[in-house]
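These are the residues of each chain, in order.
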Amino acid sequence: MSGKPGGVFHLRDGCVVAVESPGAPGAEARLLRSGRVSGEQWAELLREAGGTRWPEAGLIAHGYAGAAQLRVVCVMAMQDAVFAVVAGDVEACGPLDTAYEPYAPVALGETPGRLLQDAARKLAAVAALPRPVRPDRERPVPAAVPDEIRERLPPPQRELLAHADGRRTARDIAFATGLGVYTVTVGIARMLGEELLELPAEPGSASRVTVRDLPTGALRQRPPGAPHALDPDVFSALSVAVAAGGTGPPAPRPDPAPPPAGTAPALPRREPGVNAPSLPRREPGASGIAETLAPEKAGASWKGFFRLRHRIWTPDSGT
């Protein structure tokens with residue numbers, strides 16, 4: 001039966017001998033979570049069984065459980081799996097390969113009508129409670145209970161309080177504790193009515209998010225030479241500058257033309273800016289080149305003669 005959670009029903013001679021569902025713990029999970037068998041012991045039993053999925057003979061031979069106890073565990077797991085399937089959503093039914101062996105089957109099966117009636121009765125019992133819940137939906141959290149009241153609770157309720165953390169449903173707690181899904185669902189519903197558990201309030205103030213569909217048409221190719229898209233950070237900075245009263249952003253520079261073939265690539269030009277590193281100022285004459293290239297001084301020249309002539313006093317010069 002496909003659905004949520006769905007399951008597999010194994011029939012033999014018109015009777016259901018096993019039911020497997022991901023929505024309910026099986027016989028293996030019940031034995032391991034209850035502490036009757038450890039993980040190392042279970043792995044050793046599987047090695048001794050030679051690939052058998054359900055090591056019933058090894059469990060009895062090692063004294064981990066009796067034959068009657070195993071039959072009870074298998075029947076309870078089968079009935080709980082039927083409840084999980086019926087409490088969920090059933091989409092379709094179809095035959096399964098006959099070579100698929102059932103897991104933990106019972107010797108004497110039950111009729112399908114009886115199993116469905118039992119599951120329907122359990123669903124009606126859960127719906128009649130003051131605070132009904134679904135096995136795979138509500139995620140309760142512990143209520144503010146005084147310590148003296150918490151200590152007087154029976155062990156099953158204290159175990160549910162320990163596992164109710166707001167992230168686990170009744171099905172999750174059933175897998176964690178090894179209890180039945182129906183048992184945990186009824187326990188959570190009753191504890192909600194007794195105000196030992198509570199459901200976290202759903203956030204109603206969250207705004208709705210509008211998601212736009214992506215365009216289905218082909219994207220247009222950018223023509224060559226078109227300016228590149230503006231960086232979002234640069235756009236934000238320009239927006240802040242414009243809002244503060246500055247001028248608009250300058251026009252983007254066109255891409256430089258590629259250099260002709262056979263020419264050496266030009267070095268990148270440094271853009272002036274505030275953060276640009278400044279070079280040290282050269283002191284005049286520090287290199288000594290002026291002294292090296294200076295002309296040699298002559299002893300006498302016509303320029304000196306004329307300067308001296310203009311300095312000579314004459315009677316008619318008036319000086």
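Above this text you will find the structure in question.
Residues numbered from 1 in each chain as written. Predicted model: local features only at pLDDT ≥ 70, side-chain atom pairs only at ≥ 80, totals over all residues. Heavy atoms only, no water.

Counting 47 residues, the largest nonpolar core has Leu31, Trp42, Trp54, Leu59, Val184, Ile188 and Leu197 as the members making the most contacts within it. Going through the elements one at a time, β3 (15–20), α1 (27–33), α2 (39–49), α4 (67–87), α5 (112–127), α7 (155–163), α8 (170–177) and α9 (181–193) are the ones with two or more residues in this core. Here this core takes nine residues from α4, the largest share from any one element. Filtering out sequence-adjacent residues up to four positions away, Ile188 remains in contact with Val133, Pro140, Leu160, Ala170, Ile173 and Leu197. (Core = buried A, V, L, I, M, F, W, Y, C linked by side-chain atoms within 4.5 Å. Buried < 20%, exposed > 50% of the residue type's maximum accessible area, 1.4 Å probe, protein only. Helix = DSSP H or I, 4+ residues; strand = E, 2+ residues; numbered from the N terminus. Contact = heavy atoms within 4.5 Å.)

Here we come to the packing of α5 against α9. For the pair α5 and α9, the least separation of the axes is 10 Å and the interaxial angle reads 15 degrees. Our classification of the angle between α5 and α9 gives roughly parallel. Helix-helix and strand crossings are classified by hand; for α5 and α9 the assignment is left-handed. Along its contact with α5, which presents Lys122, Ala125 and Val126, the element α9 presents Tyr182, Thr185 and Val186. (Axes fitted to C-alpha atoms, helices over the stretch in contact; angles between N-to-C directions. Parallel < 35°, antiparallel > 145°, perpendicular 65-115°, else oblique. Left-handed = near helix turned anticlockwise from the far one by under 90°.)

Another aspect to go through is the packing of α8 against α9. Interaxial distance between α8 and α9 falls to 8 Å at its minimum, and their mutual angle equals 120 degrees. Overall, the two elements α8 and α9 adopt an arrangement that is oblique. Relative to α9, the crossing made by α8 is right-handed. Along the contact surface, α8 presents Ala170, Ile173 and Ala174, while α9 presents Val181, Val184, Thr185 and Ile188. Of the residues contributing to the contact of α8 with α9, the split by class is six nonpolar, one polar and no charged. (Nonpolar A, V, L, I, M, F, W, Y, C, P; charged D, E, K, R; others polar.)

So, on to the pairing of β3. The buried fraction of β3 amounts to five of the six residues, a majority that puts the element mostly inside the structure. Pairing geometry for strand β2 (residues 8–12) and β3, over five bridges, is antiparallel. Along β3, the bridge assignment pairs Phe9 with Val19. Count of turn residues in the β2/β3 antiparallel hairpin: two residues, of which Asp13 carries a positive phi of about 60 degrees. (Pairing = 2+ DSSP bridges.)

The next thing to look at is α7. Here α7 has its buried residues at Gln157, Leu160, Leu161 and His163. Looking at the buried positions of α7, the neighbouring elements they touch are β5 (141–142), α6 (147–151), α8, α9 and β6 (197–198).

Next up on the list: α9. Taking 1.5 Å per residue as the helical rise, α9 with its 13 residues ought to reach 18 Å, and the 19 Å between its terminal C-alpha atoms agrees with that figure. When we look at burial in α9, the residues that qualify are Val181, Val184, Thr185, Val186, Gly187, Ile188, Ala189, Met191 and Leu192. Here the buried face of α9 lies against α4, α5, α7, α8 and β6. (Expected span 1.5 Å × (residues − 1).)

With that settled, the discussion passes to empty space enclosed by the protein. Enumeration over the complete set of coordinates arrives at one cavity of 30 Å³ or more. Roughly 70 Å³ of internal volume is contained in the largest cavity. As for the largest cavity, its lining consists of Pro5, Gly23, Ala84, Ala87, Gly88, Pro135, Asp136, Arg171 and Val181. Within the lining of the largest cavity, the residues separate by chemical class into five nonpolar, two polar and two charged. (1 Å grid on protein atoms, 1.4 Å probe; cavity = no way out; pocket = protein on both sides within 12 Å on 5 of 7 lines; lining within 4 Å. Points joined across faces, edges and corners; volume = space filled by probe spheres on them.)

The next point concerns the layout of surface pockets. One number sums up the size of the largest pocket: a volume of about 320 Å³. Arg30, Val73, Met76, Gly178 and Gly180 are, among the 17 residues lining the largest pocket, the residues nearest its centre. Mapped by element, the contributors of at least two residues to the lining of the largest pocket are α1, α4 and α9. Looking at the lining of the largest pocket, the element that brings in the most residues is α4, giving six residues. Here the residues of the lining of the largest pocket sort into seven nonpolar, six polar and four charged.

All right, on to the packing of aromatic side chains then. All chains considered together, the criterion is met by three aromatic pairs. Ring geometry for Trp54 and Tyr103: centres 5.8 Å apart, planes at 70 degrees, overall edge-to-face. Of the two residues, Trp54 is situated in the loop between α2 and α3 (56–61) and Tyr103 in the loop between β4 (89–92) and α5; the sequence distance between them amounts to 49 residues. Look at Trp54 and you get buried, because its relative accessible area is 9%. For Tyr103, a relative accessible area of 14% corresponds to the buried category. Over the face of the ring belonging to Tyr182 we find Lys122, whose NZ or CZ atom lies 5.2 Å from the ring centre. (Phe/Tyr/Trp six-rings, centres within 6.5 Å; stacked < 30°, edge-to-face > 60°. Lys NZ or Arg CZ within 6 Å of the ring centre and 35° of its normal.)

The next thing to look at is the pattern of salt bridges. A side chain with one charge can pair with a side chain of the opposite charge if their charged atoms come near. A full pass over the atoms with the stated rule returns seven salt bridges. Between Glu44 and Arg47 there is a salt bridge; the shortest N-O distance is 2.5 Å. Of this pair, Glu44 and Arg47 both sit in helix α2, three residues apart, which is roughly one turn of the helix. Judged by relative accessible area, which is 34%, Glu44 ranks as partly exposed. For Arg47, a relative accessible area of 57% gives the class exposed. Among the salt bridges present, the one from Arg167 reaches Asp165, with a minimum N-O distance of 3.1 Å. (Salt bridge = Lys/Arg side-chain N within 4 Å of Asp/Glu carboxyl O.)

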